[in-house]
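Next come the chains, spelled out residue by residue.
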Amino acid sequence: MQKSPITKSEPDEGGHWGKFGGRYVPETLVAPLEELTNEFMNARDDPGFWAELNRLLRDYCGRPTPLFHARRLTAHAGGAQIYLKREDLLHTGAHKINNAVGQALLARRMGKRRVIAETGAGQHGVATATVCALFGLNCVIYMGAEDVRRQALNVFRMRLLGAEVVTVSAGTRTLKDAINEALRDWVTNVHDTYYLLGSALGPHPYPLMVREFQSVIGREAREQILSATGTLPRALVACVGGGSNAIGLFHPFIADEGVRLIGVEAGGRGDSLGEHAARFHAGMASGGGQVGVLQGTMSYVLQNANGQIATTHSISAGLDYSAIGPEHAFLHDSSRADYARASDAEALEGFQLCAKLEGIIPALETAHAIMPAIRVARELSQDDSVIINLSGRGDKDVQLVADLHSQ
Amino acid sequence: MSRIRDTFGKLKRCGRGGFIPFITAGDPDLVTTELLLVELAAAGADIIELGVPFSDPVADGEVIQRASERALRRGVTLGDTLRCVSNAKKHIDVPIVLFSYLNPLLKFGRDRLGDEVQGAGIDAVLITDLTPEEGGPWITAFRDHAVDLIFLVAPTTSGERLRRIAQQASGFIYAVSRAGVTGARSEMPRDAESLVKRVRAVSDLPVAVGFGISTPEQVSQVWRFADAAVIGSALVRQVEKLAGSPDLVAGVGEFARSLLVQNTHVVT
């Protein structure tokens, strides 16, 4: 059956995109989530809120970010013109600050003095610690022990910014476990604590709210590409962990039917369950392609035959997560977006290519988008354009890549 | 008429509070869980809650997290848990509440679950991360098999929501004593009593109080204002402490009895 193309992607009142999303949480969290939803909806309709947010995004974070024409990558691909949306140039080095500033303003509106957050690669933790320093809020960051090891520099940065970093040694010791621990903290300290979730996942209203704060990426990119080329791009390519940088770029283009939306998941080092973080990868024994509920939302979840959440592997801590944001699940099932995957090796290839050809060292998460984007560009004509979301810079990964080289 | 309602009816007629122990299935192994179900029934359990192990138990404190991990290391599944109850039910008649996170149930399949839960002799299911807003299809699925779906209420639950939850709930209402995860605490908060009062104002269902209860004093305190006390982490800690010991089952039974012994009006 031919599906009619979708031109909008808005959740219902309960935060559902079709069957995905919603609010699957212990009862104690329902009231704070309702309070947060109300506050967010009020803020969304308040021009004063946006004026302050936009001022901070401009003066503190460095927006708008440039849309850079990557001529040497374009020549290398030999097809469509490749443009890079330079979120890596933002304060703290990644798109995460867009959402952190927005939610910190909400926390302040709600009178919450204590902010908690989870972090994988450390970029969201750094962004949160940064805005907490700016607003004088107490900040506690939960981070898996494995990620603390991989991203030691970001741990130090967070502490430098005055945050307390709590190492989580439970479960797989990565992002998923950091979120579990943050949820446990929140359920215990709901009265005075704001949970500043960093990706477009978790219970309603987080997937919607994070998307709204990240959509500035796509709004700018749409204007910039129109002014640079006079026409819309043929494709947008972005890496997808939880999916916040991807949905931020994609969302303002959803009604533009001619624009392909391509998310890139972490293909890791193999096809079997536990070796990757490709939630849509429904191959034999991959564990992907299964709908489930994890951490408050219904989406595609990597899991075993008994519904236990699977471990994941990715060279990049920020993509190393068992579930994907619910709006991506909806875009996937409605065929509005496509999801590819890039292996650890392809990510490293993209990392080096981007560094050598453009003088830009991307984050390893971001690097997953490079090779698939080159393949897409190659299929198109020189009159077309493709935008890659250069979601973060790679300073934090230089040591890890150096270690891999010396092995 | 649900067996759980019968149980609370009997308790009311005897004028005593209910004792609801919780253990995790497969901790430390399934055979021991079967023996523990029988032992807890003998020790005076009015209802038993049996936890399905889950990899990401966000509502649980460290003690029950570790129990889940021990069970999962042995590969214990929902199917195993159902078989375990089925076996134990040959020896005991106490109502059993299956206590689970949603994902393992979702994976098992909603349609199949109602049938198999009923077949195993389970009387009710409590899904930690399922609210009435998302619970519609589950309520229907279980109702078709005469299985109660128990909902949680918390001190943060608004009056309006309490009313809505009460309308959807059956069996009993589980009142969470405080904002937080499961785990023993030294004192009962005032929140619990006022929450139970608020529930009573909107529902005739019995109310059980759980989260943080670990001593005989706390049990009798809860009985003063609620219909039953749930003891989870404190019992699971005994299982953990005695794991590998031949005295495990007897030791856990003894601990369960010790929670009731000072509450003399309980002895029947």
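Quick note: structure is the one above.
Along each chain, numbering runs from 1 in the same order as the chain's sequence is written. Chains carry letters and ligands carry numbers; both start at the beginning, A for chains and 1 for ligands, and go up in the order they are written. Local features in this predicted model are restricted to residues of pLDDT 70 or higher, and side-chain atom pairs are both shown and tallied only at a pLDDT of 80 or more, whereas totals for entire chains, interfaces and linings draw on every residue. Note that the side-chain values use all heavy atoms of the structure and ignore hydrogens as well as water.

Chemist: Can you walk me through the environment of Gln103 of chain A in this structure?
Modeler: All names here are of chain A. Numbering goes from the N terminus for both helices and strands, where a helix is a DSSP run of H or I of at least four residues and a strand is a run of E of at least two. Relative to the elements of secondary structure, Gln103 occurs in helix α4 (residues 96-109). Among the residues examined, Gln103 registers a relative accessible area of 0% and is labelled buried. Residues Gln103 and Val398, 295 residues apart in the sequence, show an inter-C-alpha distance of 30 Å. Leaving out residues up to four positions away in the same chain, Gln103 has contacts with Tyr194, Tyr195, Leu196, Leu197, Tyr206, Met209, Val210 and Phe213. Pairs of N or O atoms within 3.5 Å make up the polar contacts considered here, provided that, within protein, one atom can donate a hydrogen while the other can accept it, and that residues adjacent in sequence are counted only when both atoms are side-chain atoms. Of the polar contacts made by the side chain of Gln103, one reaches the side chain of Asn99; its length is 2.9 Å. When a residue's accessible area, from a 1.4 Å probe over protein chains only, is under 20% of the maximum for its type it is buried; when over 50% it is exposed; and in between it is partly exposed. When checking whether two residues touch, look at their non-hydrogen atoms; a contact exists if any pair is within 4.5 Å.

Chemist: Quick question: what am I supposed to make of the sheet that holds strand β4 (residues 81-86) of chain A here?
Modeler: Sheets are built from strands that pair by backbone hydrogen bonding, the pairs being arranged parallel or antiparallel. Residues and elements named next belong to chain A. One open sheet accounts for six strands, arranged β3-β4-β14-β9-β10-β13; its pairing is mixed. Both outer strands of the open sheet, β3 (67-69) and β13 (337-343), are each paired with one neighbouring strand and no more. Across this sheet, the average inter-strand angle for adjacent strands is 25°, counted without regard to direction. Across the sheet, helix α10 (residues 216-229) is in contact with β3, β4 and β14 (385-390); its angle to β4 comes to roughly 140°. At least two bridges found by DSSP between two strands are what make those strands a pair. Every axis corresponds to a line fitted to the C-alpha atoms, with the helix fit spanning only the stretch in contact, and the corresponding angles, defined between N-to-C directions, vary from 0 to 180 degrees.

Chemist: What should I look at first to understand unusual backbone geometry in this one?
Modeler: Of all residues except glycine, most have a negative phi; of all peptide bonds, most are trans. Note that the residue after Arg63 of chain A, namely Pro64 of chain A, is joined by a cis bond; omega there is -5°. Examined against the element boundaries, Pro64 of chain A turns out to sit in the loop between α2 (47-61) and β3. Of note, the bond from Asp27 of chain B into Pro28 of chain B is cis; its omega dihedral lies within 30 degrees of zero at 0°. Along the chain, the position of Pro28 of chain B falls in the loop between β1 (18-24) and α2 (30-42).

Chemist: Help me out: how do you make sense of helix α15 (residues 370-378) of chain A in this one?
Modeler: Owing to its 3.6 residues per turn, the α-helix aligns residues three or four sequence positions apart on the same side. In terms of burial, α15 of chain A is a largely internal element, seven of the nine residues being buried. Of all the positions in α15 of chain A, only Ile370, Met371, Pro372, Ala373, Ile374, Val376 and Ala377 of chain A are classed as buried.

Chemist: Looking at this structure, how should I read the sheet that holds strand β3 (residues 96-100) of chain B?
Modeler: Residues and elements named next belong to chain B. Pairing in this closed barrel of eight strands is parallel, and the strands run β1-β2-β3-β4-β5-β6-β7-β8 around the ring. On average, each strand axis in the sheet is inclined to that of its neighbour by 25°, with strand direction left out of account. Relative to strand β5 (residues 148-153), helix α8 (residues 159-168) is tilted by about 165°, and along the sheet it contacts β5 and β6 (173-176).

Chemist: Please explain the nonpolar core as it appears in this structure.
Modeler: Side chains of a nonpolar character, in soluble globular proteins, are inclined to be buried together. Residue types Ala, Val, Leu, Ile, Met, Phe, Trp, Tyr and Cys, when buried and joined through side-chain atoms within 4.5 Å, form a set referred to as a nonpolar core. By size, the foremost hydrophobic cluster in this structure holds 73 residues, and its most contacted members are Leu37, Val125, Ile127, Trp138, Leu149, Val209 and Ile231 of chain B. When neighbours within four sequence positions are excluded, Val125 of chain B is seen to be in contact with Val97, Leu98, Leu105, Val117, Phe142, Val147, Asp148, Leu149 and Ile150 of chain B. Ranked by size, the runner-up nonpolar core spans 69 residues in total, among them Ala104, Ala117, Ile141 and Ile179 of chain A.

Chemist: Please explain the packing of aromatic side chains as it appears in this structure.
Modeler: How two aromatic rings sit relative to each other is set out by the distance from centre to centre and by the angle between their planes. For Phe, Tyr and Trp, where Trp contributes only its six-membered ring, two rings pair if their centres lie within 6.5 Å, and the inter-plane angle classes them as stacked under 30 degrees, edge-to-face over 60, or tilted in between. Counted under the stated rule, the structure contains 16 aromatic pairs over all chains. Judged by centre distance (6.2 Å) and plane angle (55°), the ring pair of Trp50 of chain A and Phe213 of chain A falls under tilted. Of this pair, Trp50 of chain A sits in helix α2 while Phe213 of chain A sits in helix α9 (residues 206-214), and the two are 163 residues apart along the sequence. Relative accessible area serves as the criterion here: at 3%, Phe213 of chain A is assigned to the buried category. Note on Trp138 of chain B and Phe142 of chain B: the rings are 6.1 Å apart at their centroids and 40° apart in plane angle, and the pair reads as tilted.

Chemist: Hey, could you run me through the interface of chain A and chain B in this one?
Modeler: How big an interface is tends to be stated in terms of the accessible area lost upon association of its parts. Contacts between the two partners involve 33 residues from chain A and, on the opposite side, 33 residues from chain B. For the pair chain A and chain B, the two sides together bury roughly 2,700 Å², of which 52% comes from carbon and sulfur. Three residues stand out in chain A for area buried against chain B, namely Glu27, Arg184 and Gln308 of chain A, and they jointly supply 26% of the buried area on that side. Within this document, salt bridges are pairs made up of a side-chain nitrogen of Lys or Arg and a carboxyl oxygen of Asp or Glu, the two lying within 4 Å of each other. For the pair chain A and chain B, the number of links is two salt bridges. For the pair chain A and chain B, the number of links is 19 residue pairs in polar contact (both at pLDDT 80 or more). When residues of the side of chain A that touches chain B are traced back to their parent elements, those giving at least two are α1 (30-44), α8 (175-188) and β11 (291-294) of chain A. The element that contributes the greatest number of residues to the side of chain A that touches chain B is α8 of chain A, accounting for seven residues. In this classification, the charged set is Asp, Glu, Lys and Arg, the nonpolar set is Ala, Val, Leu, Ile, Met, Phe, Trp, Tyr, Cys and Pro, and all remaining amino acids, among them Gly, are polar. Split into classes, the residues belonging to the side of chain A that touches chain B amount to 14 nonpolar, 13 polar and six charged. As a working definition, buried area equals the accessible area (1.4 Å probe) given up by two parts on being put together, with both sides summed.

Chemist: Any chance you could explain the packing of helix α4 (residues 78-88) of chain B against helix α6 (residues 110-120) of chain B here in plain terms?
Modeler: Residue and element names in this part refer to chain B. At a minimum axis distance of 8 Å, the contact between α4 and α6 shows a crossing angle of 30°. Relative to α6, the element α4 lies roughly parallel. Contact residues: α4 offers Leu78, Leu82, Val85 and Ser86, while α6 offers Leu113, Glu116, Val117 and Ala120. Across the contact of α4 with α6, the residue classes break down as six nonpolar, one polar and one charged. By definition in this entry, angles of less than 35 degrees are roughly parallel, angles greater than 145 are roughly antiparallel, angles of 65 to 115 are roughly perpendicular, and the rest are oblique.

Purely geometric stuff here, so don't read any function into it on its own.
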